[in-house]
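In case you want the letters, here they are:
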Amino acid sequence: MMIVSRQGLVVWFHQMKHVKHIKKYGHMVHVSKKLKYAIIYVDQDKVDQTTTALHKLSFVTRVDPSYKPFIKTEFEEKVKIEDKELDYKMGI
């Protein structure tokens, strides 16, 4: 089984009745009725094709890509707090 890298897209739209059309473009994870957006996941190599296809739809206002795959998640080491004498009774 091959693992495919995925990327999220936030699709903003005018009305909730168009959500079923957005499902065709990727795996829908979340839909906000109040703010009128949907989060879909697509293959990372098809992100550009999918965003251009979604922009062509009349009911889509904006498409924002997720930058999560490009954020460094490996941390080097913990920040060590030096041992200091803390005066908790200061100001009393």
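Residues numbered from 1 in each chain as written. Predicted model: local features only at pLDDT ≥ 70, side-chain atom pairs only at ≥ 80, totals over all residues. Heavy atoms only, no water.

A. Focus on the environment of Tyr37. Counting through the fold element by element, Tyr37 comes out in strand 3 (residues 37–43). A C-alpha to C-alpha distance of 4.3 Å links Tyr37 and Trp12, two positions 25 residues apart in sequence. Setting aside residues up to four positions removed in sequence, Tyr37 forms contacts with Val10, Val11, Trp12, Phe13, His30, Val31 and Ser32. (Helix = DSSP H or I, 4+ residues; strand = E, 2+ residues; numbered from the N terminus. Contact = heavy atoms within 4.5 Å.)

B. Here's a closer look at the side chain of Gln7. Secondary-structure assignment places Gln7 in strand 1 (residues 6–13). Reaching out from Gln7, the side chain makes a polar contact with the backbone oxygen of Ser66 at a distance of 2.7 Å. When sequence neighbours within four positions are dropped, the list of residues in contact with Gln7 reads Ile40, Tyr41, Val42, Gln44, Val47, Pro65, Ser66, Pro69 and Phe70. (Polar contact = N/O pair within 3.5 Å; in protein donor to acceptor, adjacent residues only side chain to side chain.)

C. Seen up close, the pattern of salt bridges. Tallying each qualifying case throughout the model produces two salt bridges. Among the salt bridges present, the one from Asp64 reaches Arg62, with a minimum N-O distance of 3.1 Å. Residue Asp64 is classed as partly exposed on the basis of its relative accessible area of 26%. (Salt bridge = Lys/Arg side-chain N within 4 Å of Asp/Glu carboxyl O. Buried < 20%, exposed > 50% of the residue type's maximum accessible area, 1.4 Å probe, protein only.)

D. Highlighting the packing of aromatic side chains. With the rule as written, the count across this model stands at one aromatic pair. Aromatic pair Trp12 and Tyr37: ring centres 5.1 Å apart, planes at 45 degrees, arrangement tilted. Residue Trp12 is located in strand 1, and its partner Tyr37 is located in strand 3; the two are separated by 25 residues in the primary sequence. Owing to a relative accessible area of 16%, Tyr37 belongs among the buried residues under this scheme. (Phe/Tyr/Trp six-rings, centres within 6.5 Å; stacked < 30°, edge-to-face > 60°.)

E. A look at the side chain of Thr51. Mapping Thr51 onto the fold places it in helix 2 (residues 47–55). Residue Thr51 is classed as buried on the basis of its relative accessible area, which comes to 14%. Apart from the residues within four sequence positions on either side, Thr51 is in contact with Leu9 and Val63.

F. Representation of the nonpolar core. In this structure, Leu9, Ile22, Ile40 and Leu54 are the most contacted members of the largest nonpolar core, which totals 15 residues. For this core, the secondary-structure elements that each account for two or more residues are strand 1, helix 1 (19–22), strand 3, helix 2 and strand 4 (60–65). Once residues lying within four places of it in the same chain are set aside, the contact partners of Ile22 are Val11, Phe13, Met28, Ile40 and Phe59. (Core = buried A, V, L, I, M, F, W, Y, C linked by side-chain atoms within 4.5 Å.)

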